[in-house]
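Results of the structural survey
Residue strings, one per chain:
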Amino acid sequence: MKKVLLPLSILAIASLNLSAQELHPVSGEPLKYCGITEAMQELYKKHPDIKAIAETIEQEQAQKTNPEAASGAVYVIPVVVHVLHNYGAENISEAQIKDAISILTRDFRKQNADTALVVTAFENLIADCEVEFKLAQLDPSGNCTNGIDRIVTQLTYNANDNSKLNQWPRNKYLNIWTVASIGIASGAAGYTYYPSSTVANPAIDGIVILHGYFGSIGTGSPVTSRANTHEVGHWSNLQHCWGNTNQPGVSCGDDLVSDTPITMG
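Cut-off values and rules
- Residues numbered from 1 in each chain as written.
- Predicted model: local features only at pLDDT ≥ 70, side-chain atom pairs only at ≥ 80, totals over all residues.
- Heavy atoms only, no water.
- Axes fitted to C-alpha atoms, helices over the stretch in contact; angles between N-to-C directions.
- Helix = DSSP H or I, 4+ residues; strand = E, 2+ residues; numbered from the N terminus.
- Parallel < 35°, antiparallel > 145°, perpendicular 65-115°, else oblique.
- Left-handed = near helix turned anticlockwise from the far one by under 90°.
- Contact = heavy atoms within 4.5 Å.
- Nonpolar A, V, L, I, M, F, W, Y, C, P; charged D, E, K, R; others polar.
- Salt bridge = Lys/Arg side-chain N within 4 Å of Asp/Glu carboxyl O.
- Buried < 20%, exposed > 50% of the residue type's maximum accessible area, 1.4 Å probe, protein only.

Focus on the packing of helix H4 (residues 94-108) against helix H6 (residues 227-235)
Viewed as axis vectors pointing N to C, H4 and H6 meet at an angle of 60°, and their least axial separation amounts to 9 Å. Taken together, the axes of H4 and H6 are oblique relative to one another. As H4 runs across H6, the sense of the crossing is right-handed. Note on element contacts: H6 touches H4 through Asn-228, Thr-229, Val-232 and Gly-233, opposite Ala-100, Ile-103, Leu-104, Asp-107 and Phe-108. Of the residues contributing to the contact of H4 with H6, the split by class is 5 nonpolar, 3 polar and 1 charged.

Have a look at this one:
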């Protein structure tokens with residue numbers, strides 16, 4: 001059994017598409033949702049071989065059990081943020097990037113204040129995941145870096161897997177690309193792939209996310225700042241609690257983890 005990972009931060013952004021009347025506090029646009037479902041479907045349609053490999057890995061993982069006791073060891077994951085921009089608002093500030101990474105660590109270390117709002121049935125399952133995220137201090141060549149890679153490119157618009165420019169080694173860094181708009185999943189705030197799907201194609205590993213859903217300041221907002229936490233959850237192999245669908249009202253969805261019941265989409 002695996003402990004519940006940040007139920008509020010993980011689920012809140014995923015359900016934003018259910019409240020289409022809500023607007024982004026900064027951009028004024030309708031709030032967007034998680035695009036992993038569409039991205040995974042498109043990937044498997046194009047590469048059925050990857051789907052077969054991923055399903056095998058998922059079956060193997062489902063048979064494993066994870067210890068629930070905290071180990072006391074805190075793992076630090078270096079992050080590189082590739083800012084894809086064309087000199088517009090999407091060229092977000094260093095302060096906004098640092099804020100986003102701080103929020104990410106806060107959520108994974110159970111330091112987010114809204115854990116007080118978790119329903120009683122799940123209170124004893126909230127976990128300090130003992131994982132922290134920090135902007136990389138060394139680049140792949142061993143040179144000093146601030147962990148921010150600014151790239152001027154038209155691929156910031158309608159971003160997809162081809163927008164994953166200058167990927168740093170996935171076994172050493174979490175790659176995040178912030179962009180102006182996303183094309184692979186219409187209406188998505190961000191998307192990534194489960195690790196089982198990137199084994200056969202490492203070039204697609206990492207997270208693509210709208211600049212307005214990254215951090216709580218600048219072009220970001222406290223309302224949408226947890227989208228990054230949500231996508232990192234998927235990047236870490238967590239499915240939606242209702243399974244692989246974004247269709248409201250779908251019953252009998254399951255995330256293949258025994259800490260949550262079968263849930264309606």
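Notes on the pattern of salt bridges
One pass over the structure, following the stated rule, counts 10 salt bridges. As a salt-bridge pair, Glu-132 and Arg-109 come within 2.7 Å of each other at their nearest N and O atoms. Placement of Glu-132 in strand S3 (residues 131-135) and of Arg-109 in the loop between H4 and S3 is noted, with a sequence separation of 23 residues between them. You can call Arg-109 buried: its relative accessible area is 17%. A single salt-bridge network, built from bridges that share partners, covers Arg-106, Asp-107, Asp-114 and Arg-226.

A look at H6
Of all 9 residues that make up H6, 9 are buried, and the element is covered over most of its length. Burial in H6 covers these residues: Ala-227, Asn-228, Thr-229, His-230, Glu-231, Val-232, Gly-233, His-234 and Trp-235. Of the residues flanking the end of H6, it is Asn-237, one or two places downstream, whose phi is positive at about 90°.

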